[in-house]
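Overview (structure and organization)
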Amino acid sequence: MFTLQKNSAISALPDSAESVKADRQYQKFPQSKRIPALIIYQRGSALTDTDRARIDADRAAVSRKITKKVQVHEATFARDGTTAVVRVDLPVPGTALSFDETANVADSVRAVQHLVGRGDGGLAVAVTGQAGYTTANADIMSDVNTTLFLAALLLLVLVLIVAHRSPWLWAVTLAVGGVALAVAEGAVYLLGRATGLTYTTLSQGLLTVLTVCVSTGYALPLVSRYREELRGHADKHEAMSAALPRAGRAAVVSAVPVVGGLLCLMAADLRTTRGLGPVGAVAVLCGLAAAMTLLPAVLLVFGRWILWPLAPRFGDAAKADAGFWGRLCERVGGRPRRVWAVTAVVLAALSVGLFASRTGLSTDDTFAGEPQAVVGQQLLARELPAGSASPVTVVVRSAAEERVLAALRADNGLTQAGRAARTGDLSLITAVPTSPPASPAALRTVTRVRDTLGALHVASATVGGPDAVALDTADAESRDRKVVVPLMLLAMAVLLGLLFRAVVAPVVLISTVFLTYTAALGVSVALNRPLFGFSGQEGTLALHSLAYLVTFTVGSGVFLLTRVEEESVRLGRSAGTVRAVAATVPAITGAALVVAALFAALGLIPLVGIVQVALVVALGVLLDGFVVRPLLLPALLMDLGERSWWPRPRSARSASGAGRPAPAQSTAGTVAGGRDV
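Fair warning: this is a prediction, and the values are worked out from it, not measured in the lab.

Turning our eyes to something else, we now look at the overall build of the protein chain. Each helix and strand counted, the protein chain has 20 helices and 9 strands in total. A fraction of 80% describes how many contacts in the protein chain between residues 6 or more apart in sequence connect residues 24 or more apart. Of the roughly 26900 Å² that the protein chain leaves accessible, carbon and sulfur atoms contribute 61%.

Before going further, it helps to spend a moment on the sheet that holds strand β6 (residues 392–397). Strand order in the open sheet formed by 4 strands is β7-β8-β6-β9, with antiparallel pairing between adjacent strands. What marks the edges here is a single partner per strand, and that holds for β7 (414–423) and β9 (462–464). Across the sheet, the axes of successive neighbouring strands diverge by a mean angle of 20°, strand direction being ignored. Relative to β9, β6 is paired through 3 bridges, and the arrangement is antiparallel. Paired with Val-395 across the bridge in β9 is Thr-462.

This brings us to unusual backbone geometry. In this chain, Trp-646 is followed by Pro-647 through a cis amide linkage whose omega measures 5°. Looking at the secondary structure, you find Pro-647 in the loop between α19 (608–640) and α20 (650–658). The phi dihedral of Gln-416 falls on the positive side, at around 55°, and the residue is not glycine. With respect to the helices and strands, Gln-416 occurs in strand β7. In this model, His-457 sits at a positive phi of 60°, which is unusual for a non-glycine residue. Along the chain, His-457 turns up in the loop between α14 (440–455) and β9.

This brings us to the pairing of strand β8 (residues 426–433). Counted residue by residue, β8 has 7 buried out of 8 residues, so it is predominantly covered. Where β6 and β8 come together, 6 bridges link them in antiparallel fashion. Its bridge partner being in β8, Thr-393 is matched across the sheet by Thr-430. In terms of strand pairing, β7 meets β8 through 7 bridges, oriented antiparallel. Residue Arg-422 lies in a different strand from β8, and its bridge partner there is Ser-427.

As a further point, take the pairing of strand β4 (residues 83–91). Among the 9 residues in β4, 7 count as buried, and that is most of the element. Here 9 bridges tie strand β1 (residues 34–43) to β4, and the two strands are oriented antiparallel to one another. Following the sheet pairing, Ile-35 is matched in β4 by Leu-90. Alignment of strand β2 (residues 71–72) against β4, held across 2 bridges, turns out to be antiparallel. Within the sheet, the bridge partner assigned to Val-72 lies in β4 and is Val-88. When strand β3 (residues 76–77) meets β4, the two strands line up antiparallel, connected through 2 bridges. Bridging across to β4, Thr-76 finds its partner in Val-85. Counted between consecutive antiparallel strands, the loop separating β3 from β4 contains 5 residues, among which Gly-81 sits at a positive phi close to 75°.

Right, let's get into the pattern of salt bridges. Tallied over the full model, the rule gives 27 salt bridges. One salt bridge connects Glu-401 with Arg-419, and the closest N-O pair in it is separated by 3.4 Å. Of the two residues, Glu-401 is situated in helix α13 (residues 401–409) and Arg-419 in strand β7; the sequence distance between them amounts to 18 residues. By relative accessible area, which is 45% here, Arg-419 ends up partly exposed.

When pLDDT is averaged along the protein chain, the result is 85; 90% of the residues meet or exceed 70. Averaged over each element, pLDDT in the protein chain is lowest for α20 (46) and highest for helix α11 (residues 336–350) (95). Across residues 654–677 the pLDDT falls below 50, and counting only partners more than four positions away or on other chains, this stretch makes 53 contacts in the model.

Turning our attention to empty space enclosed by the protein. Scanning the model with the defined rule gives 3 cavities of 30 Å³ or more in all. Around the largest cavity, the lining is made up of 20 residues, and of these Gly-217, Phe-552, Gly-555, Ser-556 and Ala-591 lie nearest the centre. Elements with a contribution of two residues or more to the lining of the largest cavity: α7 (201–232), α17 (541–571), α18 (573–602) and α19.

Here the focus is the environment of Ala-575. Tracing the backbone shows Ala-575 in helix α18. Using a relative accessible area of 40% as the deciding quantity, one classes Ala-575 as partly exposed.

Moving on, we get to the packing of aromatic side chains. For the coordinates displayed, the defined rule picks out 11 aromatic pairs. Taken together, a centroid distance of 6.0 Å and an interplanar angle of 55° make the contact between Tyr-218 and Phe-559 tilted. With Tyr-218 in helix α7 and Phe-559 in helix α17, the pair connects residues that are 341 residues apart, well separated along the chain. For the pair Tyr-218 and Phe-559, one class covers both residues: buried. An aromatic cluster of three or more residues is present, and its members are Phe-324, Trp-325 and Phe-626. In this structure, Arg-52 is placed above the aromatic ring of Phe-77, and the distance from its NZ or CZ to the ring centre is 4.2 Å.

Conventions and cut-offs
- Residues numbered from 1 in each chain as written.
- Predicted model: local features only at pLDDT ≥ 70, side-chain atom pairs only at ≥ 80, totals over all residues.
- Heavy atoms only, no water.
- Helix = DSSP H or I, 4+ residues; strand = E, 2+ residues; numbered from the N terminus.
- Contact = heavy atoms within 4.5 Å.
- Areas by Shrake-Rupley, 256 points an atom, 1.4 Å probe, with all protein chains shown as cover.
- Pairing = 2+ DSSP bridges.
- Axes fitted to C-alpha atoms, helices over the stretch in contact; angles between N-to-C directions.
- Buried < 20%, exposed > 50% of the residue type's maximum accessible area, 1.4 Å probe, protein only.
- Salt bridge = Lys/Arg side-chain N within 4 Å of Asp/Glu carboxyl O.
- pLDDT = per-residue confidence, 0-100.
- 1 Å grid on protein atoms, 1.4 Å probe; cavity = no way out; pocket = protein on both sides within 12 Å on 5 of 7 lines; lining within 4 Å.
- Points joined across faces, edges and corners; volume = space filled by probe spheres on them.
- Phe/Tyr/Trp six-rings, centres within 6.5 Å; stacked < 30°, edge-to-face > 60°.
- Lys NZ or Arg CZ within 6 Å of the ring centre and 35° of its normal.

Listed below in structure tokens is the structure:
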């Protein structure tokens, strides 16, 4: 999968984006084969003769030791003499960096950073520019397989021990998840080779987290059901034969709408978002397959002792009460309408934070920390135009060059406009924005330039550069939020309706999922500035967090809904709902803790977009596991009663449940011991 990755921002955009068209034109110029790194030297007062000698020595060292193809330019100095910039052009085939090309650029920039150091004696030195930011991202994402893996593994082990209530079972569950991940990675690689889908380094990390989360999430209800059946079956094979069809049916019914919803991401304009759809679908399917095939086999090999110290024995008495969640549900049944109304109002109140959201981050604001590229940009912006590291580029027919130059020089948001190169009948014009890279002001400048050139009827002109890519990305993100989010919810509701042969229950379920999502997103937005100091929301937050969140919240809702359907046939609506909550919610809360722990580990990566998605998903699954599934959904089902399954007639529900044997229920008078075959 790594060899298929494309990590540049422009590779995510659709072919229709103007910055992509501009990049195709830009590739005709020699500049396109190089990526710039800027070495910034700055002192509080004017640079000394010693500083200037050091700059010359650094230039010579970089030119001699990095690579034969590197181009080191003369230093340029700010008017007050406090700042110097040395541009180093590193070789690269194009701007749409692949995984290997990103690694090569990052290695070269690290070598430059090592040669020039960080400054001393009052002289600050930092490496920034497009190559510097590429390296900063590469350094951060390299932690996906190191820091993230170790932190996630530790958290996962601790949570699984608590969830399974066994010191051994966590190892089995984790091993099954590892097998699922290996299969998923192979499947995603083959899929990418066959279809040309765009993956990033982040796709690899999310595939890991999603596959392990899904496999452990499906494992918990199966193990819970297996425990139940072991009390009523002396033979472990018979117990598994009774548990697997019931847990498996719920797992499949939950996986189908989730996979359908994730595949809706392929309707996105952004190629990276489009690629996450199949990645997520593969993660769900591989996790499901491992949990429903490999895990049962492994549990049967080990026998009852793997569930120690709470391993059920044949004939063990069932608990005298329904447990905490069952007792809570009994109280909910006394006033279901009041419970669901209050719960829904509280979740809606948590969603209010969405009204204060501001979508869009500048390049520097995308980092949760301060890598050297950000430090260098801050030094650069003190004395030189803030956009020096990300110039606007315009490719135009040479006949219209003077008109375009005049328009750029008249724009207050640009400076230093001039022709950079000419090839054939095409001219490359560059201009330096006065605003920081990808800031709102920089995006407005690109929009203004495009409008101005359009009014001049310069049809051949295409406006590109990092800020143009950021603008087109923001436009694509906005379109994807408006189109893909409702499409996902509609697709999941339709698939659930077909699977349950009902309308009301699936609509209720999807409504609770959406309310959970908006509440988690609202809380996250409200915490962004006061708790984390983030200036706004990353553009893909709403869509990506929904995609990951529904993977777990739809599954938990389906597990509860199918158990309510089953138990209500035997026990009646209220008693059946109580029994279903008592049996499934402990596994749901355990799965919620697992998912929250893994996404909390993902949030250790110091990229604002990842931290924000991790926070939304972690909050969402906790709300789902501890509020929505034990309170809101049961209260709605109790209040609606038989209307929940409209338009399916009651006789059809009775018939569908009549053929299923009742779950094993032991009594105090049964045999206390048991054998394990």
